[in-house]
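# Tertiary structure, described
The primary structure of each chain is shown beneath.
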Amino acid sequence: MTTTVAMSLYEKIGGAPAVDAAVDKFYDKVLADPRIKHFFVNTDMAKQRQHQKTFLTWAFGGQPGYNGRGMREAHKPLVDKLGLNDTHFDAVVENLATTLSELGVSDALIGEVAKIAESIRDEVLCR
Ligand code: HEM
């Protein structure tokens, strides 16, 4: 019998220091991306940075340590007022994948991150 206590992706990638390294890169990319930057114009920087940390920690399967709004609630105004849709979601996942790739994370692990993101797509898009 094999008992597997799976190491989370978060641990495999390098834990908090890796998340910190990824935050700046991901943040810069998202805010520079004409497909999605307009969603963030009214979001303050400090909050945004924390958002990205929460986002990445979550995406890596680390402890959420997050007591903010649920995904549906947090993104509902973006869906209702700004038409947040699959295209935008894809762009965020793409920026995340590029960020991780640039930081030397393997394609296999990036695939796992993308899968986790997929699992929450409908919730974020309020469907
Ligand atoms: C896997 C996908 C996503 C996750 C896990 C995620 C996670 C989060 C979290 C944790 C927050 C903070 C909520 C709060 O503070 O109460 C948030 C807010 C936000 N998200 Fe996402 N997000 C995702 C996708 C997206 C996408 C695709 C966009 C737009 C392109 C987006 C734009 C925003 C914005 C603008 C806010 C701030 C809203 C505000 O200032 O009130 N998110 N998201």
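Residues numbered from 1 in each chain as written. Predicted model: local features only at pLDDT ≥ 70, side-chain atom pairs only at ≥ 80, totals over all residues. Heavy atoms only, no water.

With 12 residues, helix H4 (residues 71–82) extends 16 Å between its outermost C-alpha atoms, agreeing within 8% with the 16 Å of an ideal straight helix rising 1.5 Å per residue. Looking at H4, one finds that the buried residues are Ala74, His75 and Val79. Axial view of H4: buried residues confined to an arc of 125°, hence all on one face. Relative to its buried face, H4 has exposed residues pointing more than 90 degrees away, namely Glu73, Asp80 and Lys81. Those residues of H4 that are buried are in contact with helix H6 (107–124). Positive backbone phi, approximately 70°, marks Gly83, located one or two places after H4. (Helix = DSSP H or I, 4+ residues; strand = E, 2+ residues; numbered from the N terminus. Expected span 1.5 Å × (residues − 1). Buried < 20%, exposed > 50% of the residue type's maximum accessible area, 1.4 Å probe, protein only. Arc of directions from axis to C-beta. Contact = heavy atoms within 4.5 Å.)

Attention shifts here to the coordination of the iron atom of the ligand. One donor from the polypeptide reaches the iron atom of the ligand: His75 (NE2), at 2.0 Å. Topologically, His75 is positioned in helix H4. (Donors = N, O, S within 2.8 Å, 3.2 Å for Na, K, Ca; no water.)

Before going further, it helps to examine the UniProt feature "binding site: heme" (unreviewed entry) in the protein chain. As recorded in UniProt, the feature "binding site: heme" (unreviewed entry) lies at His51 and His75. Sequence-wise these annotated residues cover 25 residues; spatially they are packed, their C-alpha atoms never more than 12.2 Å apart. Relative to the assigned elements, His51 resides in helix H3 (residues 45–59). Residue classification places His51 among the partly exposed positions, given a relative accessible area of 30%. Its relative accessible area of 14% is what places His75 among the buried residues. (UniProt positions renumbered as here; feature names shortened; annotations may be inferred.)

Moving on: the side chain of Asn95. Topologically, Asn95 is positioned in helix H5 (residues 86–102). Among the residues examined, Asn95 registers a relative accessible area of 7% and is labelled buried. Ignoring anything within four residues of it in the chain, the contact list for Asn95 reads Phe26, Lys29, Val30, Asp33, Arg35 and Ile36.

This part covers the pattern of salt bridges. Scanning all chains against the criterion turns up 12 salt bridges. The closest approach of N and O atoms between Asp86 and Arg127, which form a salt bridge, is 2.9 Å. With Asp86 in helix H5 and Arg127 in the segment after H6, this pair connects stretches of sequence that are 41 residues apart. Residue Asp86 is classed as partly exposed on the basis of its relative accessible area, which comes to 28%. On the basis of relative accessible area, Arg127 is assigned to the partly exposed category, the value being 48%. Across the pair Arg127 and Asp122 runs a salt bridge whose closest N-O atoms are separated by 2.9 Å. What emerges from the salt-bridge pattern is a single network uniting Asp86, Asp90, Glu118, Arg121, Asp122 and Arg127. (Salt bridge = Lys/Arg side-chain N within 4 Å of Asp/Glu carboxyl O.)

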